[in-house]
Amino acid sequence: MRLSVATGGLARQTLRFVLLLWMALAPSYAATNYTISLASPEQHLVEVQIILPEGSAQRELQLPVWNALYQVRDFAQYINWVRAKDRAGHALAVRELDKSRWQITGAGGGAVVEYQIFLDSPGPFGAQFNSHHAFFNLAQVLMYPVDARSEPMVVRFSEVPEEWRVATPLAAMPEGRFSAHNYDRLVDSPVEIGDFKESDFDEGGGHYRVIVDAEAADYDMEKIAAMLHKIVAAATSWMDDRPFESYMFLYHFPRGPAGGGMEHSYSTAIAVNANVPSQAPEVLASVTAHEFFHLWNVKRIRPQALEPVDYTRENYTRALWFSEGCTSTAADFIRLRAGLLDERHFEQELASGIGELERRPAHLTQSAEESSLDAWLEGDAYYRRRERSISYYNKGELLGITLDLAVREASHGQASLREVFQSMNQNYAKKGRFFPDSDGVREAAEAVSHADLGWFFSKYVAGTEEIPWNDFLRGLGLRLVEGTTKIADAGFVAARNFDGPMTVAAVTAGGEAERAGLQTGDTILEINGKAPGQESSQDMARFTADDTITVKVRGRRGGDRELKWKVGSREETSYAIENMENVAAEQQARRAAWLKGEAQVPQEAHAR
Ligand SMILES: [Zn+2]
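Residues numbered from 1 in each chain as written. Predicted model: local features only at pLDDT ≥ 70, side-chain atom pairs only at ≥ 80, totals over all residues. Heavy atoms only, no water.

Draft legend 1. Expanded view of the overall build of the chain. Within the chain, the secondary structure is distributed over 17 helices and 29 strands. For a compact globule of 608 residues, the expected C-alpha radius of gyration is about 25 Å, and the chain comes in at 26 Å, within 12% of that figure. The C-alpha extent of the chain, read off along each of the three principal axes, is 80 × 75 × 45 Å. Taking the intrachain contacts of the chain between residues at least 6 apart in sequence as the baseline, contacts between residues at least 24 apart amount to 67%. For the chain, the accessible surface area stands at approximately 27500 Å², while carbon and sulfur atoms represent 48% of it. A gap of 2 Å separates the mean positions of the 63 positive and 84 negative side-chain charges of the chain. (Helix = DSSP H or I, 4+ residues; strand = E, 2+ residues; numbered from the N terminus. Rg over C-alpha atoms; globule rule 2.2 N^0.38 Å. Contact = heavy atoms within 4.5 Å. Areas by Shrake-Rupley, 256 points an atom, 1.4 Å probe, with all protein chains shown as cover. Lys, Arg positive; Asp, Glu negative; His and termini not counted. Charge placed at Lys NZ, Arg CZ, Asp CG, Glu CD.)

Draft legend 2. Quick peek at the coordination of the zinc ion. The coordination sphere of the zinc ion contains the protein donors His290 (NE2), His294 (NE2) and Glu324 (OE), at a distance range of 1.9 to 2.1 Å. Sequence positions of the donors to the zinc ion reduce to the motif H-x3-H-x29-E. You can see histidine 290 sitting in helix H5 (residues 281-293) and its partner glutamate 324 sitting in helix H6 (residues 320-337), a full 34 residues away along the chain. Using a relative accessible area of 9% as the deciding quantity, one classes histidine 290 as buried. (Donors = N, O, S within 2.8 Å, 3.2 Å for Na, K, Ca; no water. Buried < 20%, exposed > 50% of the residue type's maximum accessible area, 1.4 Å probe, protein only.)

Draft legend 3. Just the sheet that holds strand S7 (residues 101-104), in detail. Pairing is antiparallel across the open sheet formed by four strands, whose spatial order is S6-S7-S3-S12. At either margin of the open sheet sits one strand with a lone partner, and together these are strand S6 (94-98) and strand S12 (144-145). The pairing of strand S3 (residues 59-62) with S12 spans two bridges and is classified as antiparallel. Residue pairing in the sheet places leucine 61 in a bridge with proline 145 of S12. (Pairing = 2+ DSSP bridges.)

Draft legend 4. Quick look at the packing of helix H11 (residues 437-449) against helix H12 (residues 454-461). At a minimum axis distance of 10 Å, the contact between H11 and H12 shows a crossing angle of 145°. Here the hand of the crossing between H11 and H12 comes out right-handed. Residue-level inspection shows Ser438, Val441, Arg442 and Glu446 of H11 in contact with H12, the latter providing Gly454, Phe457 and Val461. (Axes fitted to C-alpha atoms, helices over the stretch in contact; angles between N-to-C directions. Left-handed = near helix turned anticlockwise from the far one by under 90°.)

Draft legend 5. Summary view of the nonpolar core. By size, the foremost hydrophobic cluster in this structure holds 142 residues, and its most contacted members are Phe136, Tyr251 and Phe292. Counting residues per element, this core draws most heavily on helix H3 (residues 221-239), which supplies ten residues. Residues within four places of tyrosine 251 in sequence aside, it is in contact with Val210, Ile211, Val212, Asp213, Ile224, Met227, Leu228, Ile270, Leu284 and Thr288. With 16 residues, the next largest nonpolar core counts Phe492, Ile527, Phe543 and Leu563 among its residues. (Core = buried A, V, L, I, M, F, W, Y, C linked by side-chain atoms within 4.5 Å.)

Draft legend 6. Looking closely at the sheet that holds strand S9 (residues 120-121). Taken together, five strands build an open sheet; the order of strands is S9-S10-S11-S17-S14 and the sheet is antiparallel. The strands lining the two open edges of the sheet, one partner per strand, are S9 and strand S14 (165-167). Bridging between S9 and strand S10 (residues 127-129) involves two bridges; their strand directions are antiparallel. Of the residues in S10, the one forming a bridge with serine 121 is alanine 127.

Draft legend 7. The packing of aromatic side chains, seen in detail. Counting across every chain of the model gives 43 aromatic pairs. Centre to centre, the rings of tyrosine 144 and tyrosine 183 are 4.8 Å apart; their planes meet at 50°, and the pair counts as tilted. In this pair, tyrosine 144 is assigned in strand S12 and tyrosine 183 in helix H2 (residues 183-187), connecting sequence segments 39 residues apart. Both residues of the pair, tyrosine 144 and tyrosine 183, belong to the buried class. (Phe/Tyr/Trp six-rings, centres within 6.5 Å; stacked < 30°, edge-to-face > 60°.)

Draft legend 8. Region of the structure containing H5. The terminal C-alpha atoms of H5, which comprises 13 residues, lie 18 Å apart, in line with the 18 Å expected from a rise of 1.5 Å per residue. Turning to H5, its buried residues are Leu284, Ala285, Val287, Thr288, Ala289, His290, Glu291, Phe292 and Phe293. (Expected span 1.5 Å × (residues − 1).)

Draft legend 9. Layout of unusual backbone geometry. Of note, the amide linkage connecting glutamate 307 to proline 308 takes the cis form, showing an omega dihedral of -10°. Within the secondary structure, proline 308 sits in the loop between H5 and H6. For glutamate 159, which is not a glycine, the phi torsion comes out positive at approximately 55°. Classification of glutamate 159 by relative accessible area gives exposed; the value is 53%.

Draft legend 10. Seen up close, the pairing of strand S18 (residues 197-203). Relative to strand S19 (residues 206-213), S18 runs antiparallel, the two being bridged by seven bridges. Of the residues in S19, the one forming a bridge with lysine 197 is valine 212. Linking S18 back to S19 in an antiparallel pair, the connection comprises two residues, with glycine 204 at a positive phi of about 55°.

Draft legend 11. Quick peek at the pairing of strand S28 (residues 560-566). Sheet analysis places strand S27 (residues 548-554) next to S28, joined by seven bridges and oriented antiparallel. Of the residues in S28, the one forming a bridge with valine 551 is leucine 563. Connecting S27 to the antiparallel partner S28 that follows it, the hairpin turn spans five residues, and glycine 558 within it adopts a positive phi of roughly 85°.

Draft legend 12. Looking closely at the environment of histidine 345. With respect to the helices and strands, the residue histidine 345 is situated in helix H7 (residues 343-358). Judged by relative accessible area, histidine 345 falls into the partly exposed class, the value being 35%. A polar side-chain atom of histidine 345 sits 2.8 Å from a polar atom in the side chain of aspartate 342. (Polar contact = N/O pair within 3.5 Å; in protein donor to acceptor, adjacent residues only side chain to side chain.)

Draft legend 13. Region of interest: the side chain of aspartate 213. Structurally, aspartate 213 is set in strand S19. As a buried residue without a salt bridge, aspartate 213 has its nearest oppositely charged side chain in arginine 165, at a separation of 8.4 Å. Within the structure, aspartate 213 has its side chain in polar contact with the side chain of histidine 132 (distance 3.0 Å). Setting aside residues no more than four positions away along its own chain, aspartate 213 makes contact with His132, His133, Glu192, Phe196, Tyr251, His252 and Phe253. (Salt bridge = Lys/Arg side-chain N within 4 Å of Asp/Glu carboxyl O.)

Draft legend 14. Looking closely at H6. Here H6 contains 18 residues, and its C-alpha end-to-end distance of 25 Å stays within 8% of the 26 Å for a straight helix at 1.5 Å per residue. Considering bend angle alone, the principal kink of H6 is centred on cysteine 326 and spans about 30°. Burial of H6 is extensive: 17 of the 18 residues sit out of reach of the surface. Two residues or fewer after H6 comes glycine 339, characterised by a positive phi angle close to 75°. (Bend = angle between axes of the 7 residues up to and from the residue.)

Draft legend 15. Highlighting the pattern of salt bridges. Inspection of the entire model under this criterion finds 30 salt bridges. For arginine 302, the salt bridge goes to glutamate 307, with nearest N and O atoms at 2.6 Å. For aspartate 452, the salt bridge identified is with arginine 442, shortest N-O distance 3.5 Å. Taken together, the positions of aspartate 452 in the loop between H11 and H12 and arginine 442 in helix H11 put the pair ten residues apart, joining distant regions of the chain. For arginine 442, a relative accessible area of 31% translates into the label partly exposed. Put simply, Arg359, Asp489, Arg570 and Glu572 are held in one network by salt bridges that share partners.

In structure tokens:
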């Protein structure tokens with residue numbers, strides 16, 4: 001339904017009010033009704049019932065092939081069976097059209113479709129049901145009626161164990177039901193069902209809920225709430241906007257490998273290892289600020305290429321460098337403003353990000369836009385090799401830093417990345433429009449700086465030219481210095497795809513690991529007696545040259561091997577950011593504004 005009728009302001013308000021009231025009071029039989037039964041936690045089996053309202057005789061139901069991650073994961077692989085009946089209980093024919101789509105005939109008077117699905121994929125990008133809890137990204141669980149994806153949806157959960165409660169940003173209705181005005185909104189709302197801890201607070205007129213499902217000893221709810229207060233205050237003031245009444249933070253702190261967060265319009269789901277809240281709270285703040293800022297960037301300031309969402313295949317966009325990478329840049333400024341990051345650590349993180357990009361030979365062959373398009377290959381170990389790909393998170397965050405500095409330079413300090421985001425928020429998000437990918441970012445940056453920034457986008461966004469870091473840093477009185485450090489080198493690179501196994505992505509030719517018999521594609525079962533976790537790259541970083549490494553692997557065709565070799569060493573370029581020898585007052589002023597993520601005060605304002 002569209003409200004773009006040419007009515008006057010007041011009339012339109014009334015119309016909207018009447019429509020909202022109608023939506024709230026409308027009986028749910030007009031909506032698609034879902035019931036998710038939590039019947040068999042030990043088997044990770046959920047049964048879904050869909051009641052389709054009256055409509056055409058032939059209906060199609062689609063289960064998305066991707067969600068949350070930009071990866072085709074074919075959730076239909078977990079569906080055990082599908083059946084359908086009419087409202088009187090007579091069986092209806094169900095015909096599979098392709099691996100993720102089913103056709104029901106004889107559904108004119110409505111129909112009841114049922115299926116059983118196996119759900120045991122952990123983490124914020126998954127759907128999991130076990131005897132501890134249920135966590136659902138509903139797009140991995142619920143088929144949608146192809147002809148009614150934009151119609152209202154109602155969902156309820158049945159056979160919920162007595163001590164479990166339901167937490168979700170979905171609108172609650174009577175009798176434990178939840179509603180959404182369409183399927184996209186329904187599946188943009190994660191659901192946690194279990195015996196979790198809950199807290200809430202108000203900040204700047206917004207209401208915030210905090211849901212934590214973790215061991216009580218692993219976190220301090222008050223500390224988390226204090227951190228959240230700072231982040232939401234800094235972010236909403238940076239954007240000068242709060243496009244919601246209520247927002248939900250959902251945390252899991254598992255005592256195993258975990259790492260990541262998933263953004264949603266009115267919530268985020270975040271999982272980090274149980275040690276993080278107490279031992280590395282800055283990591284929790286960093287991922288939280290990133291996911292929270294996504295409520296603007298990508299959820300509301302949204303690339304046109306991602307809309308409408310195509311649940312049947314990849315949605316290609318060239319703009320993930322902006323939607324993901326510059327979300328990290330914004331999160332840096334939010335943490336600086338919130339007092340959760342200081343100048344020294346900010347510059348260290350920046351130098352280490354530069355090193356990460358410069359050490360990947362692919363930074364000369366794959367552009368930030370190409371990396372965005374190729375996001376769909378990230379599940380593949382070969383693709384993640386240094387010679388093959390860069391990360392749009394890494395380069396995108398650095399492009400956010402350099403674009404901010406280019407805008408400052410071009411506008412003589414009168415604009416910054418903050419104005420770029422605010423302008424895109426006004427011109428796209430607030431008007432319900434989507435931005436034309438990288439061109440939309442360029443237009444906004446040029447509008448706030450009143451300058452041509454085409455060179456920036458052609459060289460560094462669409463192109464693969466080396467970024468002249470010092471040209472950008474000079475305005476701040478800072479410079480990048482290179483050095484060499486000798487680092488331990490285990491002779492191989494391993495990577496894991498989210499909850500997948502850790503596999504060997506590359507083995508250094510002629511190195512000790514190769515001589516010991518390690519092969520690309522081997523699955524790593526243990527490193528020095530420990531199962532590899534998300535932290536394995538840090539574990540590997542702790543090795544020093546001449547340490548003995550013992551790795552248990554499984555070959556591509558099966559067969560476990562235990563391999564042992566001595567860790568070698570190699571020289572690597574290291575980067576640091578330092579003060580220039582003479583920092584002028586202008587550079588100092590620019591840097592002070594930069595560290596607040598804001599434009600410099602206009603000269604006229606000084607005079608007054
Ligand atoms: Zn993100």
